[in-house]
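Here's the letter readout for the chains.
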Amino acid sequence: MVHGRVVILGDAAFVARPHVGMGVTKAADDAMALAAALGDGDVSARALEQFDRERVAVGRFVVDRARQLGAYMQAQIKTEAERQQAETFRTPEA
């Protein structure tokens with residue numbers, strides 16, 4: 001989320017898929033964490049590294065949760081036609 005003095009927040013850093021319901025919350029939390037890390041205007045590498053360390057862990061959690069929920073939702077597909085359609089779009093190439 002941090003590269004040099006460039007910081008990205010919210011969905012730009014980690015896409016919180018809609019079925020997770022965390023997009024707006026994660027973006028707001030990212031902004032609050034960045035404000036806390038910068039504190040009284042300390043835009044140092046140390047402050048940005050602190051922010052990055054904290055928020056990358058949260059971003060990974062959100063992505064993992066999206067995968068868990070997505071797998072559960074796909075497991076609920078009942079018909080063979082629905083399963084085939086789901087398989088068609090499962091790959092990044094699709």
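This text goes with the structure placed above it.
Keep in mind that this is a model prediction, so the values were computed, not measured.

1. Observations concerning the packing of helix 1 (residues 23-38) against helix 2 (residues 45-75)
Part 1 of the reasoning: Between helix 1 and helix 2, whose axes approach to 8 Å, the crossing angle comes to 160 degrees. Judged by the angle between their axes, helix 1 and helix 2 are roughly antiparallel. Regarding helix 1 and helix 2, the two cross each other, and that crossing is right-handed. Across the interface between the two elements, Lys 26, Asp 29, Asp 30, Ala 33, Leu 34, Ala 37 and Leu 38 from helix 1 touch Ala 47, Leu 48, Gln 50, Phe 51, Glu 54, Arg 55, Gly 59 and Val 62 from helix 2.
Part 2 of the reasoning: Residue classes in the contact of helix 1 with helix 2 are distributed as eight nonpolar, two polar and five charged.

2. Observations concerning the nonpolar core
A general trend in soluble globular proteins is that nonpolar side chains are found buried together.
Part 1 of the reasoning: Core analysis: the biggest nonpolar cluster contains eight residues, these being Met 1, Phe 14, Ala 33, Leu 34, Ala 37, Leu 48, Phe 51 and Val 56.
Part 2 of the reasoning: Of all elements in the fold, only helix 1 and helix 2 reach the threshold of two or more residues within this core.
Part 3 of the reasoning: If sequence neighbours within four positions are ignored, Phe 51 has contacts with Met 1, Val 2, Val 7, Leu 9, Asp 30, Ala 33, Leu 34 and Ala 37.

3. With respect to the pattern of salt bridges
Where charged atoms from two side chains of opposite charge come close, those side chains can pair.
Part 1 of the reasoning: For the structure on display, the rule yields two salt bridges.
Part 2 of the reasoning: Across the salt bridge formed by Asp 30 and Lys 26, the nearest N and O atoms sit 2.7 Å from each other. One end of the pair, Asp 30, and the other, Lys 26, are both in helix 1, four residues apart, so they sit about a helical turn from each other.
Part 3 of the reasoning: Asp 30 gets classed as buried once you look at its relative accessible area, which sits at 0%.
Part 4 of the reasoning: Under the relative-accessibility criterion, Lys 26 is labelled buried at 1%.
Part 5 of the reasoning: Residue Arg 55 is joined to Asp 30 by a salt bridge in which the shortest nitrogen-to-oxygen separation is 2.7 Å. Taken together, the positions of Arg 55 in helix 2 and Asp 30 in helix 1 put the pair 25 residues apart, joining distant regions of the chain. In this structure, Arg 55 and Asp 30 share a single accessibility class: buried.
Part 6 of the reasoning: Because the salt bridges share partners, they merge into one network encompassing Lys 26, Asp 30 and Arg 55.

Rules and cut-offs
Residues numbered from 1 in each chain as written. Predicted model: local features only at pLDDT ≥ 70, side-chain atom pairs only at ≥ 80, totals over all residues. Heavy atoms only, no water. Axes fitted to C-alpha atoms, helices over the stretch in contact; angles between N-to-C directions. Helix = DSSP H or I, 4+ residues; strand = E, 2+ residues; numbered from the N terminus. Parallel < 35°, antiparallel > 145°, perpendicular 65-115°, else oblique. Left-handed = near helix turned anticlockwise from the far one by under 90°. Contact = heavy atoms within 4.5 Å. Nonpolar A, V, L, I, M, F, W, Y, C, P; charged D, E, K, R; others polar. Core = buried A, V, L, I, M, F, W, Y, C linked by side-chain atoms within 4.5 Å. Buried < 20%, exposed > 50% of the residue type's maximum accessible area, 1.4 Å probe, protein only. Salt bridge = Lys/Arg side-chain N within 4 Å of Asp/Glu carboxyl O.

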